[in-house]
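What follows is the residue order along each chain.
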Amino acid sequence: MKKLKYLAILIIPIATYISFNSKGLLTYLPVIIAFGFVPLLELVFKPDHTNMDEVEAELANKNPYYNFMLYIMVPIQIGALLLFFNTIQEELSTVDYIGRILSMGVMCGVFGINVGHELGHRTENRFEQLLGEILLMTSLETHFLPYHNSGHHFNVATPEDPATARKNEWLFTFWFRSQIGSYIQAWQLEKKKLKIQKKTVFSINNRMLVYTILQIILLTTIYFYYGFQILILFLTVSLIGILLLETVNYIEHYGLLRKKKKSGRYEVVTPKHSWNSDHIVGRILLFELSRHSDHHHRANKHYQILDSHKGSPQMYTGYPGMMLLALIPPLWFKIMNKQLNKYQTEH
């Protein structure tokens, strides 16, 4: 059951398929599930703080099933995108039109970027990282990989990290600061790496250059094969996926800062520098992303063996519910600042 629970993730692409082949309320099914049913369920079910023992973790880490669950998300995501391109051209009401666009946007956020994030951390396996790049490409978020691995994980919980939300910062301004800042840092990190390698910015080893060229090819292909309208819709669903990513970034590190030492360097990243959520439904649907404290503590750990840490700051509910709360800044500040102050006082 510990591994079969991840099959529940397939409810999102199934709901998306239904959305693309329906009209009316069903066109919003993925949105209703992700931001309606899931938050409600997480108010009912208590968080599960249990961890695997060493033997279980070792077996789970070697079990190919967990990798296979990630691999199949690539054809599922690409298939969903192609189906979207074809079915969105049907005669639809404005309401149905918006429903299908939002559904594909959820797929871009949950599968394109989130699974791309997990695979993008597999630096020891070029095939797996390539799959992550393909998934990130479906949301035009390929710069996420060089920035996230070498920038965010190094600067997290510091003013140098654009993806760490400041206390009392509005979500809507954070979207721009994080996305633009991370894009700029991705280029800077690649330039720094190439300088060490004594190669120019125009080298084939410049991932940002390669990603840019591939994105232009992808957009050009969509334009010539499907037309300008579908190209705009692809940009729209990619934007929705990106906004979902940035909303997750916002809630994951809100207000948390590492202390600066006399040497000018920051203290080591620990589980206390990321908000954690052990709410089981969100954990399953997001491949354990909400066990974010352990992810930053040990970035190379695979999703299935991430642990819960008693000393990490805890969210009130799972990611979907916290994302909805973040959309109402005054309410977010009232609840999360109290939680933040309480945690900082105790630790």
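Quick caveat: nothing in here was measured; it's all calculated off a predicted structure.

## Things to note about the packing of helix α6 (residues 94-120) against helix α7 (residues 126-137)
Then, in step 1: For the pair α6 and α7, interaxial distance at closest approach is 8 Å and the crossing angle is 160°. As the angle between them shows, α6 and α7 are arranged roughly antiparallel. Like other packed secondary-structure pairs, α6 and α7 cross with a definite hand, here left-handed. Taking contact as the criterion, the partners of Phe-111, Gly-112, Ile-113, Val-115, Gly-116, Leu-119 and Gly-120 in α6 are, on α7, Glu-128, Gln-129, Leu-131, Gly-132, Leu-135 and Leu-136.

## Brief notes about helix α15 (residues 329-346)
Then, in step 1: With 18 residues, α15 should reach 26 Å at 1.5 Å per residue; the first-to-last C-alpha distance of 25 Å fits that figure.
Then, in step 2: Looking at the packing, one finds that the buried side of α15 touches α9 (171-196), α11 (228-253) and α14 (319-326).

## Comments concerning the side chain of His-143
Then, in step 1: For His-143, the position within the fold is in the loop between α7 and α8 (144-155).
Then, in step 2: Accessibility expressed as a relative area gives 5% for His-143, which makes it buried.
Then, in step 3: At a separation of 3.2 Å, a polar atom in the side chain of His-143 contacts the side chain of Ser-182.
Then, in step 4: Residues within four places of His-143 in sequence aside, it is in contact with Gln-179, Ser-182, Tyr-183, Ala-186, Met-208 and Tyr-211.

## A short note on α6
Then, in step 1: Here α6 contains 27 residues, and its C-alpha end-to-end distance of 37 Å stays within 8% of the 39 Å for a straight helix at 1.5 Å per residue.
Then, in step 2: Considering bend angle alone, the principal kink of α6 is centred on Cys-108 and spans about 30°.
Then, in step 3: Buried residues dominate α6, accounting for 22 of its 27 residues.

## Considering the UniProt feature "transmembrane region" (unreviewed entry) in the protein
Then, in step 1: Residues annotated by UniProt as "transmembrane region" (unreviewed entry) correspond here to residues 5-20, 26-45, 65-85, 97-116, 208-226 and 232-251.
Then, in step 2: In residues 208-226, helix accounts for 100% and strand for 0%; the two terminal C-alpha atoms are 26 Å from one another.

## What about the pattern of salt bridges?
Side chains carrying opposite charge are able to pair once their charged atoms draw close together.
Then, in step 1: Summed over all chains, the structure comprises 14 salt bridges.
Then, in step 2: Of the charged contacts in the structure, one is a salt bridge between Glu-190 and Lys-193, with a shortest N-O distance of 3.0 Å. One end of the pair is Glu-190 and the other is Lys-193, both in helix α9 and three residues apart, which spans about a single turn.
Then, in step 3: Look at Glu-190 and you get buried, because its relative accessible area is 1%.
Then, in step 4: Between Glu-190 and Arg-207 there is a salt bridge, and its shortest N-O distance comes to 2.9 Å. Linking Glu-190 in helix α9 with Arg-207 in helix α10 (residues 207-226), this pair joins segments that are 17 residues apart in sequence.
Then, in step 5: Classification of Arg-207 as partly exposed rests on a relative accessible area of 23%.
Then, in step 6: Residues joined in a network through salt bridges with shared partners are Lys-5, Arg-283 and Glu-288.

## Focus on the nonpolar core
Then, in step 1: Formed by 71 residues in total, the largest nonpolar core has its most connected members in Phe-84, Met-104, Tyr-250, Ile-251 and Trp-332.
Then, in step 2: At 10 residues, α11 tops the list of elements feeding residues into this core.
Then, in step 3: Each residue touching Trp-332, except ones within four places of it in the same chain, is listed here: Tyr-250, Ile-251, Tyr-254, Met-322, Leu-325, Ala-326 and Asn-337.

## Comments concerning the UniProt feature "domain: Fatty acid desaturase" (unreviewed entry) in the protein
Then, in step 1: Taking the numbering used here, the UniProt-annotated feature "domain: Fatty acid desaturase" (unreviewed entry) corresponds to residues 102-310.
Then, in step 2: Along residues 102-310 one finds 61% helix and 0% strand; the C-alpha atoms at either end are 36 Å apart.

## Overview of the packing of aromatic side chains
Then, in step 1: Applying the stated criterion across every chain yields a total of 21 aromatic pairs.
Then, in step 2: With 6.1 Å between their ring centres and 75° between their planes, Tyr-66 and Tyr-303 make a pair best called edge-to-face. A residue pair is termed long-range when its members are at least 10 positions apart, and Tyr-66 in helix α4 (residues 64-71) and Tyr-303 in the loop between α13 (292-297) and α14 qualify at 237 residues. Take Tyr-66 and Tyr-303: they sit in the same class, and that class is buried.
Then, in step 3: Summarising the aromatic geometry, the rings of Tyr-250 and Trp-332 are spaced 5.4 Å apart at their centres and angled 45° between planes, so their arrangement reads as tilted. A residue pair is termed long-range when its members are at least 10 positions apart, and Tyr-250 in helix α11 and Trp-332 in helix α15 qualify at 82 residues. Residue Tyr-250 shares its accessibility class with Trp-332, and that shared class is buried.
Then, in step 4: By way of ring pairs, the aromatic residues Trp-170, Phe-172, Phe-174, Trp-175, Tyr-250, Tyr-254, Trp-332 and Phe-333 are connected into one cluster.
Then, in step 5: Here the basic side chain of Lys-3 rests over the ring of Tyr-65, its NZ or CZ set 5.4 Å away from the ring centre.

Criteria and cut-off values
- Residues numbered from 1 in each chain as written.
- Predicted model: local features only at pLDDT ≥ 70, side-chain atom pairs only at ≥ 80, totals over all residues.
- Heavy atoms only, no water.
- Axes fitted to C-alpha atoms, helices over the stretch in contact; angles between N-to-C directions.
- Helix = DSSP H or I, 4+ residues; strand = E, 2+ residues; numbered from the N terminus.
- Parallel < 35°, antiparallel > 145°, perpendicular 65-115°, else oblique.
- Left-handed = near helix turned anticlockwise from the far one by under 90°.
- Contact = heavy atoms within 4.5 Å.
- Expected span 1.5 Å × (residues − 1).
- Buried < 20%, exposed > 50% of the residue type's maximum accessible area, 1.4 Å probe, protein only.
- Polar contact = N/O pair within 3.5 Å; in protein donor to acceptor, adjacent residues only side chain to side chain.
- Bend = angle between axes of the 7 residues up to and from the residue.
- UniProt positions renumbered as here; feature names shortened; annotations may be inferred.
- Salt bridge = Lys/Arg side-chain N within 4 Å of Asp/Glu carboxyl O.
- Core = buried A, V, L, I, M, F, W, Y, C linked by side-chain atoms within 4.5 Å.
- Phe/Tyr/Trp six-rings, centres within 6.5 Å; stacked < 30°, edge-to-face > 60°.
- Lys NZ or Arg CZ within 6 Å of the ring centre and 35° of its normal.

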